[in-house]
Structure formats: structure tokens, C-alpha cells
Amino acid sequence: EKKRNEEFEKNNPEFCQSFVNDMKERKKASEKKQETSEVLRLKGNKCFKNKDFEQALIHYMEALKNTPFDAKLLLNIAQVSTSRTLSISSHCVGV
């Protein structure tokens, strides 16, 4: 198997280099998305601490576009939903 791979790489250097370059670009793009998502998550956390649940949700949802399976973001969104519900309930009851 190793010998076949080496022979393929030797016979197709342009293809292999193109593949490696594409891999590097994809990795760079993924890292950029992670970084952007983290910045948005932290902005959302700041809004959440200030009880600005609507703005926190906006930041979290925007971050989720970059990293759709991020467990921290999904938990933050659930927490915003719960906190909004509790906030509305406490206003209705007059607590």
C-alpha cells in the first residue's frame, strides 16, 4: 500500500500538491470560522450577563452559523430560552 501511494505521488505531483494546498486552505477557513464563532459567543455571554437576552440570542445564533454543532453554543441558546421564560414569568406573577 505504501509503495503504491509513493508511486502515485511520484506520477501525479501536481495533483498531490493541489490536494495539500486545498487541505491547508480548508483548515485555515475552519480555524477562521472557529475564531469568529468564539468572538460572537463571548459577545453573547456579555449580553446574557447584562440580562439582554434578545441580543445574546442574536450573537449565539450568528455564531452557530459558523460552528453548527458547538455544544457550548447550543447550551447557551437553551439557557437564554429558559432565562427569558423565567424573566417573563416573574413579571407576570409580579415577583
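The structure we're discussing is the one just above.
In this report, we go over the structure that sits alongside the text. (Residues numbered from 1 in each chain as written. Predicted model: local features only at pLDDT ≥ 70, side-chain atom pairs only at ≥ 80, totals over all residues. Heavy atoms only, no water.)

Glancing now at the nonpolar core. If you look at the biggest cluster of nonpolar residues, it comprises 12 residues: Leu40, Cys47, Phe48, Phe53, Ala56, Leu57, Tyr60, Ala63, Leu64, Leu73, Ile77 and Val80. Elements with a minimum of two residues in this core: helix 2 (13-49), helix 3 (53-66) and helix 4 (71-93). Ranked by residues supplied to this core, first place goes to helix 3 with 6 residues. Setting aside anything within four residues of it in sequence, one finds Ala63 in contact with Ser37, Leu40, Arg41 and Leu73. (Core = buried A, V, L, I, M, F, W, Y, C linked by side-chain atoms within 4.5 Å. Buried < 20%, exposed > 50% of the residue type's maximum accessible area, 1.4 Å probe, protein only. Helix = DSSP H or I, 4+ residues; strand = E, 2+ residues; numbered from the N terminus. Contact = heavy atoms within 4.5 Å.)

The next point concerns the side chain of Arg41. Counting through the fold element by element, Arg41 comes out in helix 2. In contact with Arg41, other than residues within four places in its own chain, are Tyr60, Ala63, Lys72, Leu73 and Asn76.

Let us look at the packing of helix 1 (residues 2-11) against helix 2. Where helix 1 contacts helix 2, the two axes come as close as 5 Å, and the packing angle between them is 100°. As far as their axial angle goes, helix 2 and helix 1 are roughly perpendicular. Within the contact between the two elements, helix 1 uses Phe8, Glu9, Lys10 and Asn11 and helix 2 uses Pro13, Phe15 and Cys16. For the contact of helix 1 with helix 2, the residue count by class is 4 nonpolar, 1 polar and 2 charged. (Axes fitted to C-alpha atoms, helices over the stretch in contact; angles between N-to-C directions. Parallel < 35°, antiparallel > 145°, perpendicular 65-115°, else oblique. Nonpolar A, V, L, I, M, F, W, Y, C, P; charged D, E, K, R; others polar.)

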